[in-house]
Amino acid sequence: MPLFVPSVYASLKLNDAQIAEAVESARSSRVNMVNEVRKAYYNMLLLQESLDVLRESEKIMQETVDNTRMMYEAELGSEYDYITAQSNLSAIMPNIIQTEGSIEVADLYMHMLLSLPNDVEITFVGDLDYYSEDIVNSTGYYSTDVSNNSDLKLLDIQERMLEAQLKMTNAQRIPTVSAFGSLSLYGNDMPEINFGDLGGGSQVAGSSKQFWWQYPASVGVSISIPIFSGNKINNQAKQAKIAIDQLKMQREYMEESTGMQVRTAISNLVTARSKMKANETAMAQARKAYDIMNARYTGGAGTILELNSSQLQLTQAQLNYSQAIFDYLTAKAEYDRIVGKEK
């Protein structure tokens, strides 16, 4: 039985650090997976909303084509206006086709992230506008504390492991004390001689058996003192110290890099929030401008070029608004990943 073995105690601490590393690695994988799924989900919402905007723009352009065609047939409009309206309608079709293809790719990527077969249908519930109110009402304050960052915590655990290994190495110089003991139990057959009287004064010898038990036992203490091991222990200790110093330098660099990442994520959050508010105003103005220009063109006071310009401005303003919400949500997901937030 070991009574005093320093290397065993250091080994137990190393095992605890290894368990902590496994747990933190699992948490890191979970945080990264949540981040990837969130971004994939937001990307799908952006693509779906962009497709809706393009479809709505297509519908408006189709109405413009129909109106210019009727005006041209009634000799109230020029052939140029009719051809221009058709050209604008044709120009938006590649964007619609490309967006539909991007949606299919995003759906396949989500299946891959969730490890689902491709024949299992995924329904994406919600839209980007659902998050706009939360974005507007957000306080705008974000902590720069990165103490819960998975990469930094893993480096801390690895440093603990190296320190435990260094203690194990140094423990080889310390004597060890062990106790030992043994107890045996065995028995032998021991004959016993008896004399009996047969009568007439004669006697005869006889014998009987008796079992004899023995209980030998021994106890003691063993002390092992290391005397000489060359430079093996010294070299191992030096290597462990160098590894610890390198890991500390790596952690300092990682901490600075993580701090820069979290500040960049906060800056992106603030920028996207401001852009969303500005694009919301621009979208309302573009819609009002299109309604005015559409009424002017229908009344014969505007040109087809002015109407097309207002249509494009409205479509772009709607896309910019959705893009700003998407930028905020992805920046928030990245911020949560950096600070080690799981939910």
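Note that this is a predicted model, so its numbers are computed, not measured. (Residues numbered from 1 in each chain as written. Predicted model: local features only at pLDDT ≥ 70, side-chain atom pairs only at ≥ 80, totals over all residues. Heavy atoms only, no water.)

Undergrad: I would appreciate a short explanation of the overall build of the chain in the present structure.
TA: Along the chain, the regular secondary structure elements total six helices and five strands. Here the C-alpha atoms of the chain give a radius of gyration of 42 Å, more than 25% beyond the 20 Å that 2.2 N^0.38 yields for 343 residues. Across its three principal directions, the C-alpha atoms of the chain cover 165 × 55 × 35 Å. Relative to its 343 residues, the chain shows a buried fraction of 32%. In the chain, of all internal contacts separated by at least 6 residues, the share reaching a separation of at least 24 is 82%. (Helix = DSSP H or I, 4+ residues; strand = E, 2+ residues; numbered from the N terminus. Rg over C-alpha atoms; globule rule 2.2 N^0.38 Å. Buried < 20%, exposed > 50% of the residue type's maximum accessible area, 1.4 Å probe, protein only. Contact = heavy atoms within 4.5 Å.)

Undergrad: Explain the environment of A40 to me, please; I cannot follow it from the model alone.
TA: By secondary structure assignment, the location of A40 is in helix α1 (residues 6-73). For A40, a relative accessible area of 8% gives the class buried. Put simply, A40 and E75 are 35 residues apart on the chain and 52 Å apart in space, counted from C-alpha to C-alpha. Each residue touching A40, except ones within four places of it in the same chain, is listed here: Y109, M110 and L113.

Undergrad: Would you mind going over α1 with me for this structure?
TA: Residues three or four positions apart in an α-helix share a direction because the helix packs 3.6 residues into each turn. Between its first and last C-alpha, α1 extends 100 Å over 68 residues, near the 100 Å set by a 1.5 Å rise per residue. Immediately downstream of α1, the backbone of E75 shows phi near 60°, a positive value. (Expected span 1.5 Å × (residues − 1).)

Undergrad: Can you help me understand the sheet that holds strand β2 (residues 176-183) in this one?
TA: Paired through their backbone hydrogen bonds, the strands of a sheet run either parallel or antiparallel. Spatially, β1-β2-β5 is the arrangement adopted by the three strands of the open sheet, whose pairing is antiparallel. A strand with exactly one partner marks an edge of an open sheet, and here the two such strands are β1 (2-4) and β5 (217-224). Sheet twist, expressed as the average angle between the axes of neighbouring strands with direction ignored, equals 20°. Relative to β2, β1 runs antiparallel, the two sharing two bridges. Residue pairing for β2: F4 is matched across the bridge by V177. (Pairing = 2+ DSSP bridges. Axes fitted to C-alpha atoms, helices over the stretch in contact; angles between N-to-C directions.)

Undergrad: How should I be thinking about helix α6 (residues 304-339) in this particular structure?
TA: Over its 36 residues, α6 runs 53 Å from end to end, which matches the ideal 52 Å to within 8%, given 1.5 Å per residue. G340 occupies a position one or two residues after α6 and carries a positive phi of about 80°.

Undergrad: What am I meant to see in the packing of helix α4 (residues 150-171) against helix α5 (residues 232-298) here?
TA: Helix packing for two helices is described by the angle between their axes and how far apart those axes are. Two elements in contact, α4 and α5, have axes separated by 9 Å at closest approach and are oriented at 165°. The orientation of α4 with respect to α5, classified from their angle, is roughly antiparallel. The element α4 and its partner α5 pack so that their crossing is left-handed. Considered class by class, the residues forming the contact of α4 with α5 number eleven nonpolar, six polar and eight charged. (Parallel < 35°, antiparallel > 145°, perpendicular 65-115°, else oblique. Left-handed = near helix turned anticlockwise from the far one by under 90°. Nonpolar A, V, L, I, M, F, W, Y, C, P; charged D, E, K, R; others polar.)

Undergrad: Sorry if this is basic, but what is going on with a nonpolar patch on the surface here?
TA: Taken together, the side chains of M1, L3, F4, V8, Y9, L12, I174, V221, I223, I225, I227 and F228 define a hydrophobic patch exposed on the protein surface, amounting to about 1,300 Å² of accessible area. Contributing elements (two or more residues each) for the nonpolar patch: β1, α1 and β5. Take the nonpolar patch: its biggest share by element is three residues, from α1. (Patch = residues over 30% accessible without salt bridge, like charges linked within 9 Å, V, L, I, M, F, W, Y side chains within 5 Å. Areas by Shrake-Rupley, 256 points an atom, 1.4 Å probe, with all protein chains shown as cover. Salt bridge = Lys/Arg side-chain N within 4 Å of Asp/Glu carboxyl O.)

Undergrad: Looking at this model, I keep getting lost on the pairing of β2. Mind explaining?
TA: Along any regular strand the residues' side chains alternate between the sheet's two faces. Pairing analysis gives eight bridges linking β2 to β5, with the strands arranged antiparallel. Across the sheet, the residue bridging to T176 is S224, located in β5.

Interpretation in functional terms is not warranted from these geometric data alone.
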